[in-house]
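Structural features, examined
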Amino acid sequence: MNPLTSTNTISSVIPKDNDGYCTIYKMDCTDGLGLMTVYEVYPGICIIYNDFEATRCQWEESFDTNMLEINHCREGREGSKLPSGSCLYLGEGDLSIHTMDNCAHNMSFPLKHYRGISVVIDLRKVAEYPPEILSESGIDISKFKDKFCADGTCFIMRAKDEIEHIFSELYSVPDCLRKPYFKLKVQELLLFLSMIDVSLEKQREQYTAPHVDIVKKIHQKLISDLHSRPTIEDLSKEFLINTATLKTTFKGIYGQPIGAYMKAYRIKQAAILLRQTQKSIAEIANDVGYENQSKFATSFRDIMKISPAEYRKENNCT
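Numbers given for residues are sequential positions, taken from 1 along each chain in its written order. This being a predicted model, a pLDDT of at least 70 is required before a residue's local features are given, and a value of 80 or more before pairs of side-chain atoms are given or counted; all residues contribute to the totals for chains, interfaces and linings. To get the side-chain values, take all heavy atoms of the structure and skip hydrogens and water.

**Side note on the pattern of salt bridges**
The line we're drawing: The salt bridge definition used is simple: a Lys or Arg side-chain nitrogen within 4 Å of an Asp or Glu carboxyl oxygen. Helix and strand definitions follow DSSP, with helices as H or I runs of at least four residues and strands as E runs of at least two, each counted in order from the N terminus. Burial status follows relative accessibility: with a 1.4 Å probe on protein chains alone, a residue under 20% of its type maximum counts as buried, one over 50% as exposed, and anything between as partly exposed.
Enumeration according to the criterion identifies 11 salt bridges in this entry. A salt bridge links Arg74 to Glu164; its shortest N-O distance comes to 3.1 Å. With Arg74 in strand β6 (residues 67–76) and Glu164 in helix α4 (residues 161–168), the pair connects residues that are 90 residues apart, well separated along the chain. For Glu164, a relative accessible area of 34% puts it in the partly exposed group. Its salt-bridge partner being Glu238, residue Lys221 comes within 3.5 Å of it at the nearest N-O pair. Placement of the pair is Lys221 in helix α6 (residues 209–224) and Glu238 in helix α7 (residues 232–239), with a sequence separation of 17 residues. Beyond isolated ion pairs, a larger network of salt bridges with shared partners links Asp51, Glu75 and Arg115.

See below:
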């Protein structure tokens, strides 16, 4: 989403300078907050830092077919419901490219945490005022739309070293170097995209909206009662969904198989209790669904790489 074209969820706008180079948008979400920091790198090209602690953000604006958005997921997961009705999810390190008119009017963050970068390109403006590197290399950026978004599709690239190299450095740029560094990284990104052979990239699986809705209900059931451990077959029968579809859709949305996800979820809830309460470790183990304290300690160490007692001590909890 480009905050410059949508004000439906913006609670405040904070200019950080006098020339409009950097602006921060605070976003009101239904169950949390978001922060979008926008840098005008070139005429028609913005870099947007996205930080959300919410499960979804939505708006009502319509967008221009000549606006191209490139998204990179750094942390968490991000999902979009496309106008076609199908759903796409980005995992850590993934990259997506779509035109803004093919941008659904909401984003979801299944893990209630998302950090990423968007590069938004106004193709008309960039064609009129191209960065020097485009002119020198002979790259016609207007062709990116047909290359990556033919017939209104959304292009997804799985995490790979080349993407990590371009984007990882953008998350730790000193303030004094941002203007020149952003120009270099945008040029690097455009050159990289110009060399991609789209036909060789395996696309992310898309999921139907009804299946996504069912799996989200299953997820809510699972996290609402941590003492219950229903089997996949039990869930499949209760919610009338094929077991294979349940497995693939759950992993597509939440990034892990059900068993691994719930193990991590229980331990993360236990970590919160260790930090914020004075309950005994045995009580906390029971609260998150472990009857055996030894098994809880083993699981905790598997996930957190430290024992529950050591974790509590390191976080100054008593």
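**Here we look at the side chain of Ser96**
The topology assignment puts Ser96 in strand β9 (residues 95–99). For Ser96, a relative accessible area of 4% puts it in the buried group.

**Concerning the environment of Asn106**
With respect to the secondary-structure elements, Asn106 resides in strand β10 (residues 106–108). Considered as a pair, Asn106 and Leu246 are 140 residues apart in the sequence and their alpha carbons are 23 Å apart.

**Looking at the sheet that holds strand β8 (residues 86–90)**
What holds strands together in a sheet is hydrogen bonding between their backbones, with the strands either parallel or antiparallel. Note the following rule: Whether two strands pair depends on DSSP finding at least two bridges between them.
The sheet built from five strands is open, its strands ordered β5-β10-β7-β8-β13 with antiparallel pairing. Each edge of the open sheet is held by one strand with a lone partner, namely β5 (56–58) and β13 (207–208). Note that strand β7 (residues 78–81) and β10 share two bridges and pair antiparallel. Across the sheet, residue Ser80 finds its bridge partner in β10, namely Met107.

**Some details on the pairing of β8**
Counting buried positions along β8 gives five out of five residues, so the element sits mostly inside the fold. Here β8 shows a buried face lined by Ser86, Leu88 and Leu90 and a second buried face lined by Cys87 and Tyr89. When β7 meets β8, the two strands line up antiparallel, connected through four bridges. Within β8, the position partnered with Ser80 by the bridge is Leu88. Hairpin remark: β7 followed by β8, antiparallel, with four residues in the connecting loop; positive phi at Gly85, about 100 degrees.

**Observations concerning the packing of aromatic side chains**
Any two aromatic rings considered together are summarised by their centre-to-centre distance and by the angle between their planes. Here is the rule we go by: Stacked, tilted and edge-to-face pairs are distinguished by plane angle, under 30 degrees for stacked and over 60 for edge-to-face with tilted covering the rest, among Phe, Tyr and Trp rings (Trp via its six-membered ring) whose centres lie within 6.5 Å. Counting as a charge over the ring demands two things of the Lys NZ or Arg CZ atom: a distance within 6 Å of the ring centre and an angle within 35 degrees of the ring normal.
Per the counting criterion, the structure on display carries 17 aromatic pairs. Between Phe109 and Tyr114, the ring centres sit 5.3 Å apart and the planes meet at 20 degrees, which makes this aromatic pair stacked. Phe109 gets classed as buried once you look at its relative accessible area, which sits at 0%. The interplanar angle of 70 degrees and the centroid separation of 5.5 Å between the aromatic rings of Phe300 and Tyr311 together place this pair among those described as edge-to-face. With Phe300 in helix α11 (residues 293–304) and Tyr311 in helix α12 (residues 308–314), this residue pair connects regions lying 11 residues apart in the sequence. Per residue, the accessibility class of Phe300 equals that of Tyr311, and both read buried. Each residue in the set Tyr21, Tyr39, Tyr49, Tyr171 and Phe182 is aromatic and connected to the rest through ring pairs, giving one cluster. A cation over an aromatic ring shows up here: Lys183 above the ring of Tyr42, its NZ or CZ 4.3 Å from the ring centre.

**Some details on the packing of α6 against α7**
Geometrically, a packed helix pair is captured by the angle between its two axes and the distance between the axes. The condition is simple: Axis lines are fitted through C-alpha atoms, for helices just across the contact stretch, and the angle between N-to-C directions can take any value from 0 to 180 degrees. Between 65 and 115 degrees an angle is taken as roughly perpendicular, under 35 as roughly parallel, over 145 as roughly antiparallel, and anywhere else as oblique. Definitions for this section: a left-handed crossing has its near helix turned counterclockwise from the far helix by less than a right angle. A right-handed crossing has that turn clockwise. Whether two residues are in contact is decided by their heavy atoms: any pair within 4.5 Å suffices.
One can describe the packing of α6 onto α7 by two numbers: an axis separation of 11 Å at closest approach and a directional angle of 125 degrees. Taken as axis vectors, α6 and α7 run oblique relative to one another. Crossing of α6 over α7 shows right-handed handedness. Between α6 and α7, the residues in contact are Ile214, Lys217, Ile218, Lys221 and Leu222 and Leu235, Glu238 and Phe239, respectively.

**Concerning the environment of Tyr39**
Applicable threshold: N or O atoms within 3.5 Å of each other form a polar contact, as long as, within protein, one can give a hydrogen and the other can take it, and as long as residues adjacent in sequence are counted only when both atoms are side-chain atoms.
Structurally, Tyr39 can be placed in strand β3 (residues 32–42). Note: C-alpha distance between Tyr39 and Glu75 (36 residues apart in sequence) is 20 Å. Apart from the residues within four sequence positions on either side, Tyr39 is in contact with Tyr21, Cys22, Ile45, Cys46, Ile47, Tyr49, Arg178 and Phe182. At a separation of 2.7 Å, a polar atom in the side chain of Tyr39 contacts the side chain of Arg178.

**A look at the nonpolar core**
This is how the line gets drawn: What is meant by a nonpolar core is a set of buried Ala, Val, Leu, Ile, Met, Phe, Trp, Tyr and Cys residues, joined one to another through side-chain atoms within 4.5 Å.
Ranked by internal contacts, the top residues of the largest apolar core, which has 39 residues, are Ile97, Ile121, Phe167, Phe182 and Leu193. At six residues, helix α5 (residues 178–195) tops the list of elements feeding residues into this core. Other than its neighbours up to four places away in sequence, Ile97 contacts Leu68, Glu69, Ile70, Phe148, Cys149, Thr153, Cys154, Phe155 and Leu193. Among the nonpolar cores identified, the runner-up in size contains 33 residues, and Cys87, Ile267, Ala271 and Phe296 belong to it.

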